[in-house]
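Examining the three-dimensional arrangement
Next come the chains, spelled out residue by residue.
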Amino acid sequence: AKPPGRHFHRDHQLWTPLTLADLEAINRYDRPLPKNFNFAGDVLDQWSQKEKTGERPANPALWWVNGKGDEVKWSFRELGSLSRKAANVLTKSCGLQRGDRVAVILPRIPEWWLVNVACIRTGLVFMPGTTQLTAKDMLYRLRASKAKCIVASEEVAPAVESIVSECPHLKTKLLVSPHRQNGWLSFQELFRSTSEEHSCVQTGSQEPMAIYFTSGTTGYPKMAQHSQSSLGIGCTLPGRYWLGLTSSDIIWNMSDTGWIKAAIGSMFSPWLWGACVFVHQMAQFDTDTFLNTLTTYPITTLCSAPTVYRMLVQKDLKRYKFKKLRHCSTGGEPLNPEVLEQWKAQTGLELYEGYGQTEVGIICANQKGQEIKLGSMGKGFIPYDVQIIDENGNILPPGKEGEIALRLKSTRPFSFFSEYVDNPEKTAATLRGDFYVTGDRGVMDSDGYFWFVGRADDLIISSGYRIGPFEVESALIEHPAVVESAVVSSPDPIRGEVVKAFVVLSAPFKSSNPEKLTLELQDHVKKSTAPYKYPRKVEFVQELPKTITGKIKRKDLRDQEWGRT
Ligand code: BCO
């Protein structure tokens, strides 16, 4: 019998393309993971073929607008030829080689999609980052990853320039801008003059594809590495059953390009199913523009953080007639059941909550065709076996609260991240018995539905952002007013929770005006690290609660904030 998966190199004309049914079967363990997989060659180029033969509706593959009248629409065929050109820019003009790491710090512009697909075509490892990153954040990322290249936009370039001399591994800076800049290669210029002839690299299914920096409770962000297949095949079931996608859909996933949710909701899931990715490059998020976009464009599927829905239900939604919207989903932070009810009452549409992490993608969700239980995150997705476990790694029965965990033994799911790069201790720390522990606490009911309870550690989930208290405390301590601080989560009606800093002041600042000093500290954090992490609440205290050994008791402060005893 022939081995399953791809059998021969496609140059030999004997290669059997993987179908969507094959990809579903791999997720369901009905078929082994093929030895090789490349999302560009095995998925995107297949849709390009289907477009040619009329097997796919005449939707674009990417539809980008910026609210200023500019618009880009690419078919899969165009995406194919443009990303091949971009692949030649990266390998021929920039001299990058398979396995090299490329930091991609771009806003929501079409080139973000081109560069990512080009990296996949060439076997380069892309590392997306939000444009909110400061020079210090970028320095840490470029040094930790030993990135060979950074692809950046104009607004990010000055910060890169200020730290580039401290990044010995960085060989190429590629600027995506209509204007040239000294010391930078121009993506646009190189792109114009390069050929579209490119052979997609036959990457191994387990070969590295992307690295995401993810915050933890201690230290600076870790590098979670994903393989070619983890998201490329692992998004198949979430794409169909959480996002409800088919090839005639147009999905608008409102996530910054720096987060894995952009890769899941604006690249892998939609394109696996041949759907159109809609992008609105809003300079600043605002609810009116958001709602007007839904009334103007034939968007069928929406995915946004719960904070966005909390902001939207404050409006009179009945005034808006959404053009084609039929499926709405959410993820990145817990959704309050009241918001789901208000959304449904005002729009007539269900809200499908999904739950996942940078390390593991989407692991459970309210799924199309299943009953939605109010307040629940739905059921687990194969290939994951999601369980609630105790502190010794034992599975807890339905109804008992414990940590949400994924079984890794005896078969490690292919969709799982490969490791935290260069950090075996942190990788090992996520394991307990046969399981990977998410760090989130939850409950499963007897029907297999999961309920989120809260974090098991000090990590803060605010507006869908994962914020490590250590990073905020490190930024605060740089200010002369701060002797020490403790950063914890605090409840917020719109953002779910926000960052709150308890600050002990140095003697010269003790008599400062508290309102003015609060603003100064907030501004300082926004400049020191990505602004989304800034403490929206600040309280000045005489001292911080500590253990006998001098460790700050963040939990006491957190419990106080949440009114827990
Ligand atoms: O709210 P403020 O105005 O006080 O502060 C905002 C910005 O104004 C400020 N800021 C941004 N750039 C700045 C700056 N300040 C100074 N200098 C700059 N250069 O910083 C604050 C940033 O907060 P924000 O990003 O929450 O802004 P905003 O406009 O309120 O956006 C609201 C949301 C809901 C659109 C936004 O928070 C958001 O996109 N949240 C979702 C995040 C997400 O996608 N999470 C998914 C992560 S992946 C995952 O969870 C894996 C599982 C699927």
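Figured I'd write up the structure that's included with this text. Only a predicted model underlies this, so the values are computations on that prediction, with no experimental measurement involved.

A few words on the site of the ligand. Among the 23 residues in the neighbourhood of the ligand, the closest are listed as Ser 463, Gly 464, Tyr 465, Arg 495 and Tyr 534. Take Ser 255: an N or O atom from its side chain is 2.9 Å from an oxygen atom of the ligand. Side-chain polar atom of Arg 495 to an oxygen atom of the ligand: 2.6 Å apart, as the coordinates give it. Going through the elements one at a time, helix H9 (260-272), helix H11 (306-312) and strand S14 (351-357) are the ones with two or more residues in the shell around the ligand. The residue makeup of the shell around the ligand, split by class, is ten nonpolar, nine polar and four charged.

What follows deals with the nonpolar core. Soluble, globular proteins show a tendency: their nonpolar side chains are buried together. Within the largest apolar cluster, 74 residues are counted, with the highest numbers of intra-cluster contacts made by Phe 39, Phe 126, Trp 242, Phe 268 and Trp 271. Here Trp 271 is in contact with Phe 39, Val 43, Leu 44, Trp 47, Ala 61, Leu 62, Phe 76, Leu 79, Trp 113, Val 117 and Val 277, once residues within four sequence places are set aside.

Tracing the sequence through the fold places His 226 in strand S9 (residues 222-227). Of note is the side chain of His 226, whose polar atom sits 2.7 Å from the backbone oxygen of Thr 358.

The tally for this structure, following the rule as stated, stands at 24 aromatic pairs. Pairing Tyr 355 with Phe 452 gives two aromatic rings, centres 6.3 Å apart and planes at 55 degrees, and the pair type is tilted. Placement of the pair is Tyr 355 in strand S14 and Phe 452 in strand S22 (residues 449-455), with a sequence separation of 97 residues. According to the relative accessible area criterion, Tyr 355 is buried, its value standing at 6%. Among the aromatic residues, ring-to-ring pairing joins Trp 63, Trp 252, Phe 278, Phe 285, Phe 290 and Tyr 297 into one connected group. Over the face of the ring belonging to Trp 63 we find Lys 73, whose NZ or CZ atom lies 4.3 Å from the ring centre. A cation over an aromatic ring shows up here: Lys 85 above the ring of Phe 191, its NZ or CZ 5.3 Å from the ring centre.

Let us now look at helix H3 (residues 76-93). Between its first and last C-alpha atoms H3 spans 24 Å; for 18 residues at 1.5 Å apiece the expected length is 26 Å, and the two agree. All buried positions along H3 are accounted for by Phe 76, Leu 79, Gly 80, Ser 81, Leu 82, Ser 83, Lys 85, Ala 86, Ala 87, Asn 88, Val 89 and Leu 90. Taken together, the buried residues of H3 touch helix H2 (39-52), strand S2 (71-74), helix H4 (110-122), strand S6 (172-176), helix H7 (187-193) and H9.

The N-to-C vectors of H2 and H4 enclose an angle of 125 degrees; their axes lie 8 Å apart at closest approach. By the angle between their axes, H2 is oblique relative to H4. Facing Phe 39, Ala 40, Leu 44 and Asp 45 of H2, the residues of H4 in contact are Val 117, Ile 120 and Arg 121. The residue makeup of the contact of H2 with H4, split by class, is five nonpolar, no polar and two charged.

Turning to the pairing of strand S21 (residues 435-444), a few remarks are in order. The two faces of the sheet receive side chains in turn, since in a regular strand these alternate between them. Burial within S21 is extensive, with nine of its ten residues counted as buried. With five bridges joining them, strand S18 (residues 402-407) and S21 adopt antiparallel strand pairing. In the strand pairing of S21, Gly 402 is matched with Gly 442. For strand S20 (residues 431-432) and S21, the ladder comprises two bridges, and the chain directions are antiparallel. Paired with Leu 431 across the bridge in S21 is Tyr 436. With antiparallel pairing between neighbouring strands as the criterion, S20 and S21 make up a hairpin whose turn holds two residues, including Gly 433 at a positive phi of roughly 60 degrees. Taken together, the five bridges between S21 and S22 define a ladder with antiparallel strand orientation. Bridged to Gly 442 within S22 is Phe 452.

Moving on to the side chain of His 327. With respect to the helices, strands and loops of the structure, His 327 is situated in strand S13 (residues 327-330). Once residues within four sequence positions are removed from consideration, His 327 is found in contact with Trp 242, Leu 243, Gly 244, Thr 300, Thr 301, Leu 302, Tyr 352 and Lys 368.

Attention shifts here to the side chain of Ser 227. Note on placement: Ser 227 falls in strand S9. For Ser 227, a relative accessible area of 2% gives the class buried. A distance of 3.4 Å separates the side chain of Ser 227 from the backbone oxygen of Ser 205, its partner in a polar contact. In this structure Ser 227 touches Ser 205, Gln 206, Glu 207, Pro 208, Met 209, Phe 414 and Ser 418, once residues within four positions along its chain are discounted.

Strand order across the open sheet formed by three strands is S25-S26-S27, with mixed pairing between neighbours. On the outer flanks of this sheet lie strand S25 (482-492) and strand S27 (537-541), each paired with one strand and no other. Neighbour-to-neighbour, the strand axes of the sheet open up by a mean angle of 25 degrees, direction not taken into account. As judged from the ten bridges shared by S25 and strand S26 (residues 496-505), these two strands associate in the antiparallel manner. Residue pairing across strands places Ser 489 opposite Val 499, the latter belonging to S26.

How each quantity is defined
- Residues numbered from 1 in each chain as written.
- Predicted model: local features only at pLDDT ≥ 70, side-chain atom pairs only at ≥ 80, totals over all residues.
- Heavy atoms only, no water.
- Near = heavy atom within 4 Å.
- Polar contact = N/O pair within 3.5 Å; in protein donor to acceptor, adjacent residues only side chain to side chain.
- Helix = DSSP H or I, 4+ residues; strand = E, 2+ residues; numbered from the N terminus.
- Nonpolar A, V, L, I, M, F, W, Y, C, P; charged D, E, K, R; others polar.
- Core = buried A, V, L, I, M, F, W, Y, C linked by side-chain atoms within 4.5 Å.
- Buried < 20%, exposed > 50% of the residue type's maximum accessible area, 1.4 Å probe, protein only.
- Contact = heavy atoms within 4.5 Å.
- Phe/Tyr/Trp six-rings, centres within 6.5 Å; stacked < 30°, edge-to-face > 60°.
- Lys NZ or Arg CZ within 6 Å of the ring centre and 35° of its normal.
- Expected span 1.5 Å × (residues − 1).
- Axes fitted to C-alpha atoms, helices over the stretch in contact; angles between N-to-C directions.
- Parallel < 35°, antiparallel > 145°, perpendicular 65-115°, else oblique.
- Pairing = 2+ DSSP bridges.

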